[in-house]
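# Topology and contacts: notes
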Amino acid sequence: MTENTTAVLPPPGTCVAIVAPGGYAPDVAALERGIGLLQAQGCKVRNFYDHANRHQRFAASDADRIAQLRDAVADSEVQIVMALRGAYGISRILEQLDFPALAASGKLFVGYSDFTAMHLGLLAQAGAVSFAGPMLCGDFGCATPSASTLDHFWRMLTTPSQTFQVAATGNPQLTAAGTLWGGNLAMLTHLLGTPYFPQIEGGILFVEDVNEHPYRVERMLLQLEHAGVLARQQAVLLGDFSNYRLSDYDNGYDFDAMLAYARANLSAPLLTGLPFGHTFDRITLPVGARAELVSTAAGFDLTLSGYPVLPHG
């Protein structure tokens, strides 16, 4: 059993459902470690994922992955519905998901990456807040879990307001308040123009991605710009964009060059340094909550409120 690595724990008996709407567990040991760590932290775990049901690159057939979500929501004891992992798969089942019913269940939905589609669907179709946060295999189940990632996750789910400070230079100085929304940049642009894309006015958009060359990041930001999305936002917070590879052909075009171009040509101010993305240490962000942003020459403060939390006692 993995040792508890967090300074903050959930209320005793918190019930967590594990669902796999996207990819399967590449490492069964991670699945077992993740469940073990949740149990060590005092959680009850309902595992709706069956490793034997893998189908192609998916955790199960489309119908079975929908059933996992349906069964987790139907379980009256479940409080948190946590994604096994991201990868790919939710796009295939979006039309079969009843987002108002998922939201009405009162469950706290947690995940990131491909799970961005779930966050955006809940926000667009039900106005519901969900959590861009850790997943079972890659976070709770990794060999040495990130104490800060899990600590911030439980703090977010047990405290109705959180403020954190980011030290960063080179950002525009501004003050803004509005709906926090966003997630994986590729998933955002993938859902643009669909019923699962929220129509947020005056919001604070956050984005991240992995394995995406700077020119592809620029292209996706331009897609949001051309669609009028960025002009309706007060600010865009850039999280981690890592694991891409430059080549000689780029001829000096790197992430900084892309960022300079984007800041000069996009409608919304861009801020870097958000500690969120496909990284070991990251914060949890409530998608659809209220955010207050204060950016100075030294960095920015982000205050989050208006999101559901776990009951105490």
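Everything numeric here is computed off the predicted structure, so don't read it as measured data.

Moving on: the overall build of the protein. Within the protein, the secondary structure is distributed over nine helices and 13 strands. Taken against the 2.2 N^0.38 rule, which gives 20 Å for 313 residues, the C-alpha radius of gyration of the protein at 19 Å falls within 12% of a compact globule. Here the C-alpha coordinates of the protein stretch approximately 50 × 40 × 35 Å along the principal axes. Per-residue burial for the protein yields a buried fraction of 56% across its 313 residues. Contacts in the protein between residues far apart in sequence, at least 24 positions, make up 80% of those at least 6 positions apart. Carbon and sulfur atoms make up 49% of the accessible area of the protein, which totals about 12,500 Å².

Among the residues making up helix α9 (residues 255-265), those that are buried are Phe255, Met258, Leu259 and Ala262. Here the buried residues of α9 occupy an arc of 100° about the axis, which is enough to place them on one side. Facing away from the buried side of α9 by over 90 degrees, the exposed positions are Asp256 and Ala264. The inward-facing, buried residues of α9 abut α8 (214-226), β9 (233-242) and β10 (270-272). For α9, the N-terminal cap is Asp254; the gap from its side-chain oxygen to the backbone nitrogen of Asp256 is 3.2 Å.

Moving on to the pattern of salt bridges. Inspection of every chain in the model, using the stated rule, returns twelve salt bridges. Between Arg46 and Glu77 there is a salt bridge whose closest N-O contact spans 2.2 Å. Placement of Arg46 in strand β2 (residues 44-47) and of Glu77 in the loop between α2 (62-74) and β3 (80-83) is noted, with a sequence separation of 31 residues between them. Between Arg282 and Asp139 there is a salt bridge, with the nearest N and O atoms lying 2.8 Å from each other. Taken together, the residues span a long stretch of sequence, with Arg282 in the loop between β10 and β11 (285-287) and Asp139 in helix α5 (residues 136-140) at a distance of 143 residues. The class of Arg282 is buried, set by a relative accessible area of 5%.

With mixed pairing, six strands are arranged side by side in an open sheet as β2-β1-β3-β4-β5-β11. Among the strands making up the open sheet, the edge pair consists of β2 and β11. Between one strand axis and the next, the sheet turns by 25° as a mean value, whatever way the strands run. Examined bridge by bridge, strand β5 (residues 130-132) and β11 share three bridges and lie antiparallel to one another. Its bridge partner being in β11, Ser130 is matched across the sheet by Val287.

Considering every residue of the protein, the mean pLDDT works out to 96; 98% of them sit at 70 or more. Every residue in residues 1-6 scores below 50 in pLDDT, and together they form 18 contacts with partners more than four places removed in sequence or on other chains.

On a regular strand, one side chain projects to one face of the sheet and the next to the other, so that they alternate. Across four bridges, strand β1 (residues 15-19) lies against β2 in parallel orientation. Residue Ile18 lies in a different strand from β2, and its bridge partner there is Asn47. In this region the chain leaves β1, passes through helix α1 (residues 28-40) and returns to the parallel neighbour β2; the handedness of that crossover is right-handed.

Glancing now at the pairing of strand β12 (residues 290-296). Taking every second residue as pointing to the same face, the buried face of β12 carries Ala291, Leu293 and Ser295, while none of Arg290, Glu292, Val294 and Thr296 on the other face is buried. Pairing analysis gives six bridges linking strand β7 (residues 174-184) to β12, with the strands arranged antiparallel. Paired with Thr175 across the bridge in β12 is Val294. Where β12 lies against strand β13 (residues 299-305), seven bridges are found, and the strand directions are antiparallel.

With that settled, the discussion passes to the sheet that holds β12. Overall, mixed pairing links the seven strands, which are arranged β6-β13-β12-β7-β8-β9-β10 in an open sheet. In this open sheet, the two strands that pair with only one neighbour each are β6 (161-167) and β10. Each neighbouring strand pair of the sheet contributes to a mean axis angle of 30°, computed without reference to strand direction. Pairing between β7 and strand β8 (residues 203-210): five bridges, direction parallel. Bridge pairing in β8 links Asn184 to Glu208. Together, β9 and β10 form the strand contacts of α9, whose direction differs from that of β10 by roughly 150°.

Cut-offs used in this document
- Residues numbered from 1 in each chain as written.
- Predicted model: local features only at pLDDT ≥ 70, side-chain atom pairs only at ≥ 80, totals over all residues.
- Heavy atoms only, no water.
- Helix = DSSP H or I, 4+ residues; strand = E, 2+ residues; numbered from the N terminus.
- Rg over C-alpha atoms; globule rule 2.2 N^0.38 Å.
- Buried < 20%, exposed > 50% of the residue type's maximum accessible area, 1.4 Å probe, protein only.
- Contact = heavy atoms within 4.5 Å.
- Areas by Shrake-Rupley, 256 points an atom, 1.4 Å probe, with all protein chains shown as cover.
- Arc of directions from axis to C-beta.
- Polar contact = N/O pair within 3.5 Å; in protein donor to acceptor, adjacent residues only side chain to side chain.
- Salt bridge = Lys/Arg side-chain N within 4 Å of Asp/Glu carboxyl O.
- Pairing = 2+ DSSP bridges.
- Axes fitted to C-alpha atoms, helices over the stretch in contact; angles between N-to-C directions.
- pLDDT = per-residue confidence, 0-100.
- Right-handed = clockwise from strand over helix to strand, strands pointing away.

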